[in-house]
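So the chains spell out like this:
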Amino acid sequence: LRLSGFFESKAVPISIIAGVIGFSSSVVIAFISLYAKEIHLEQAAGLYFVVNALASLISRPVSGRLFDLRGANFVIYPSLALYAAGMLLFSQAGSGTILLLAGAAIGVGYGNFMSCAQALSLKGISPSRFGVATSTYYVFLDFGIGIGPYLLGGLVPLAGYRGVYLLMAALGLATIPLYYFLVGKKTMVQ
């Protein structure tokens, strides 16, 4: 029962980024209905996840091909930036169109980051450790998604939903330099 039996150390850096993005995005899943009711966009919120999923679904084949041709950084940096921009739009939504546009941006950014990050978590790993590396990735991601609503829900009375979403947009933006220092600069050299 060693730690290396449960976690793949080479997958930890990208898994940390996935955990932060999962933490940030968890508040959309947890609080969208309450937020939509507060800003009177319940009808648009009902379509939010459809638009989000379609944007992710349509863009993933393109990002996968770009990942193979141009490398991880070529896809991950724009994905993180688009995710942060989508969260910013989401935090400021005043119309159904803006809310759905935010859903599309978040879908493209989050969806493409997550699939590329998972592929990156397996880079340089021996095939016999793929299961452990994948598990490491999902432990961090699921921890972020699970703890996010609990911790961030306490901020809602202080900052409101818009304030929390704006803070998560800033956190999403902060993952860009975090990715660079933990993963990106090493990926450029290889």
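Check the entry above for the structure.
For the structure given in this document, a descriptive report is provided here. Because the structure is predicted, anything quoted here is derived from the model rather than measured.

The rules behind the values
- Here the residue numbering is sequential within each chain, running from 1 through the sequence in written order.
- The predicted nature of this model means local features are confined to residues of pLDDT at least 70 and side-chain atom pairs, given and counted, to a pLDDT of 80 or more, with totals for whole chains, interfaces and linings taken over all residues.
- The side-chain numbers reported here are obtained from all heavy atoms of the structure, hydrogens and water having been left aside.
- Side-chain rings of Phe, Tyr and Trp (the six-membered ring for Trp) are treated as a pair once their centres are within 6.5 Å; stacked means planes under 30 degrees apart, edge-to-face means over 60, and tilted covers the remaining angles.
- Helix and strand assignments follow DSSP, with helices taken as H or I runs no shorter than four residues and strands as E runs no shorter than two, numbered in order from the N terminus.
- Relative accessible area decides the class of each residue, using a 1.4 Å probe on protein chains only: under 20% of the type maximum gives buried, over 50% gives exposed, and in between gives partly exposed.
- Charges are assigned to positions over rings by a cutoff of 6 Å between ring centre and Lys NZ or Arg CZ, combined with an angular limit of 35 degrees from the ring normal.
- Inter-axis angles, ranging from 0 to 180 degrees, are taken between N-to-C directions of lines fitted to C-alpha atoms, where helices are fitted over the stretch in contact.
- Orientation is classified from the angle alone, with under 35 degrees giving roughly parallel, over 145 giving roughly antiparallel, 65 to 115 giving roughly perpendicular, and any other angle giving oblique.
- Less than a right angle of anticlockwise turn of the near helix away from the far helix marks a crossing as left-handed, whereas a clockwise turn marks it as right-handed.
- Here a residue-residue contact requires only that any non-hydrogen atoms of the pair lie within 4.5 Å.
- All amino acids are sorted into three groups, where Ala, Val, Leu, Ile, Met, Phe, Trp, Tyr, Cys and Pro are nonpolar, Asp, Glu, Lys and Arg are charged, and the leftover types, Gly among them, are polar.

Looking at the packing of aromatic side chains
Centre-to-centre distance and the angle between the planes together describe a pair of aromatic rings.
So, step 1. Per the stated rule, a full pass over the model turns up 12 aromatic pairs.
So, step 2. The interplanar angle of 40 degrees and the centroid separation of 5.2 Å between the aromatic rings of tyrosine 35 and phenylalanine 90 together place this pair among those described as tilted. With tyrosine 35 in helix α1 (residues 12-38) and phenylalanine 90 in helix α3 (residues 72-92), this residue pair connects regions lying 55 residues apart in the sequence.
So, step 3. Note on phenylalanine 90: relative accessible area 0%, which makes it buried.
So, step 4. Aromatic pair tyrosine 48 and phenylalanine 49: ring centres 4.9 Å apart, planes at 90 degrees, arrangement edge-to-face.
So, step 5. According to the relative accessible area criterion, tyrosine 48 is buried, its value standing at 0%.
So, step 6. Taking relative accessible area as the criterion, phenylalanine 49 reaches 39% and is therefore assigned partly exposed.
So, step 7. The side chain of arginine 70 reaches across the aromatic face of phenylalanine 74, ending 4.2 Å from its centre.

Things to note about the packing of α1 against helix α4 (residues 96-121)
So, step 1. Taken N-terminus to C-terminus, the directions of α1 and α4 make an angle of 150 degrees; their axes are 11 Å apart at the nearest point. Classified by the angle their axes make, α1 and α4 are roughly antiparallel. Crossing hand, α1 versus α4: left-handed. Contact residues: Ile14, Ile17, Ala18, Ile21, Gly22, Ser25 and Tyr35 in α1; Leu99, Tyr110, Phe113, Met114, Ala117, Leu120 and Ser121 in α4.
So, step 2. Taken together, the residues of the contact of α1 with α4 sort by class into 11 nonpolar, three polar and no charged.

In short, geometric facts, not functional conclusions.
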